[in-house]
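# Chain and residue survey
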Amino acid sequence: FFFANMAEPVAVELQKEKKEKKSKKSKDDVGDDGDLPADMRVRVAVRIRPFNKADHNDTSICLTVDDNKITADNGQKNASFSYDHVFFESQQADVYKAVGETMLHDAFSGFNSTIFAYGQTGSGKTYSMVGVENDPVHEGLLPRICKDLFALGEELMAEDRTLNIKIQVSFVEVYNEKIHDLLQFEVPGVVRGTEEDMKELKLKENKKTKCFDVEGLSLHTVTNYPRVKNLIEIGTEYRTKAATGMNELSSRSHSVFTIFMNQTHQPPSPTQRDMCSKIVIVDLAGSER
Ligand code: ADP
Ligand code: MG
């Protein structure tokens, strides 16, 4: 998923890991990403934010949008690019409808999905991923996904009394190759500290899954939206507090919010599978570096 501001195209990536379907293909079948059906490949969307003060009145328009195609024109040359989505003059709700809802429904079907917000500092990555707290118009993808997650989960559990849905979240920051757990002080029994007290965590390869796990990362079981919102606020505060002290650290750090979903049946269902899946929301450091 790609983001753009008016001056320079920037990006966000939506990656879908349809593992089950992929594993059915033989090695020879795996070609260029473009060969895969739209719902299985990495999808790219561009969001163009409105002009603001940061643009210093440099409001000459060099991009035109036609459906999912953007044409950049500098007066001498022009070039067109097509994407899976182009969000232009779009509201947060439009972005959620096109991107967030798909990720949420995939999670309920047992698939993992990851979204990367990529772009220059000030291009609207954090606005798109998190947005403005407690503001129904300006809140971003993450709060919208979490709200619907519990609403939909409760609906499903009311329909099927054997179904239990467990949600856990984690929130980390990567700065200068160092990983910090933004929720490490939220573990029961742990004394609250300042951002200076945050421990550096290491990546460790999980031999079984061949994936890299963050060793010692705290996982938080959440049963309602207000608690997730609270955790997002706490994590974001640690990220921004450090930012003011350290020369805009937040624009030079990546943040990764993960929602783990575990669906089980008790008693075990003969027809319905137990599933675990995750949604990963990555707010990357400014691309200007
Ligand atoms: P980044 O995280 O990429 O550095 P921000 O998300 O902080 O950028 O956005 C920079 C500023 O622009 C913020 O004040 C934000 O509220 C505003 N902004 C970004 N995108 C939009 C948008 N689509 N509509 C309105 N305001 C936006
Ligand atoms: Mg940001």
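Below is a summary of the structure that appears in this document. (Residues numbered from 1 in each chain as written. Chains lettered and ligands numbered in written order. Predicted model: local features only at pLDDT ≥ 70, side-chain atom pairs only at ≥ 80, totals over all residues. Heavy atoms only, no water.)

### Concerning unusual backbone geometry
Residue proline 267 is bonded to the preceding glutamine 266 through a cis peptide linkage, with omega at 0 degrees. Looking at where proline 267 falls in the secondary structure, it is placed in the loop between strand E14 (254–265) and strand E15 (275–283). At asparagine 176, a position not held by glycine, the phi torsion is positive, near 55 degrees. Summarising the element assignment, asparagine 176 is placed in the loop between strand E8 (163–175) and strand E9 (178–181). (Helix = DSSP H or I, 4+ residues; strand = E, 2+ residues; numbered from the N terminus.)

### Focus on the side chain of arginine 49
Position of arginine 49 among the secondary structure elements: in the loop between strand E2 (43–48) and strand E3 (63–66). Classification of arginine 49 as buried rests on a relative accessible area of 12%. A distance of 3.0 Å separates a polar atom in the side chain of arginine 49 from a polar atom in the side chain of aspartate 55. A polar atom in the side chain of arginine 49 sits 2.6 Å from the backbone oxygen of glycine 122. (Buried < 20%, exposed > 50% of the residue type's maximum accessible area, 1.4 Å probe, protein only. Polar contact = N/O pair within 3.5 Å; in protein donor to acceptor, adjacent residues only side chain to side chain.)

### Points about the packing of aromatic side chains
If you walk through the whole model with that rule in mind, you get two aromatic pairs. Relative to tyrosine 238, the ring of phenylalanine 185 has its centre 5.5 Å away and its plane inclined at 50 degrees; by these criteria the two rings are tilted. With phenylalanine 185 in the loop between E9 and strand E10 (200–201) and tyrosine 238 in helix H5 (residues 225–245), this residue pair connects regions lying 53 residues apart in the sequence. (Phe/Tyr/Trp six-rings, centres within 6.5 Å; stacked < 30°, edge-to-face > 60°.)

### Re helix H2 (residues 92–108)
The terminal C-alpha atoms of H2, which comprises 17 residues, lie 22 Å apart, in line with the 24 Å expected from a rise of 1.5 Å per residue. Largest kink in H2: about 35 degrees, centred on alanine 98. Listed as buried for H2 are Gln92, Val95, Tyr96, Val99, Gly100, Met103, Leu104, Asp106, Ala107 and Phe108. One or two steps after H2, the chain reaches glycine 110, where phi turns positive at roughly 95 degrees. (Expected span 1.5 Å × (residues − 1). Bend = angle between axes of the 7 residues up to and from the residue.)

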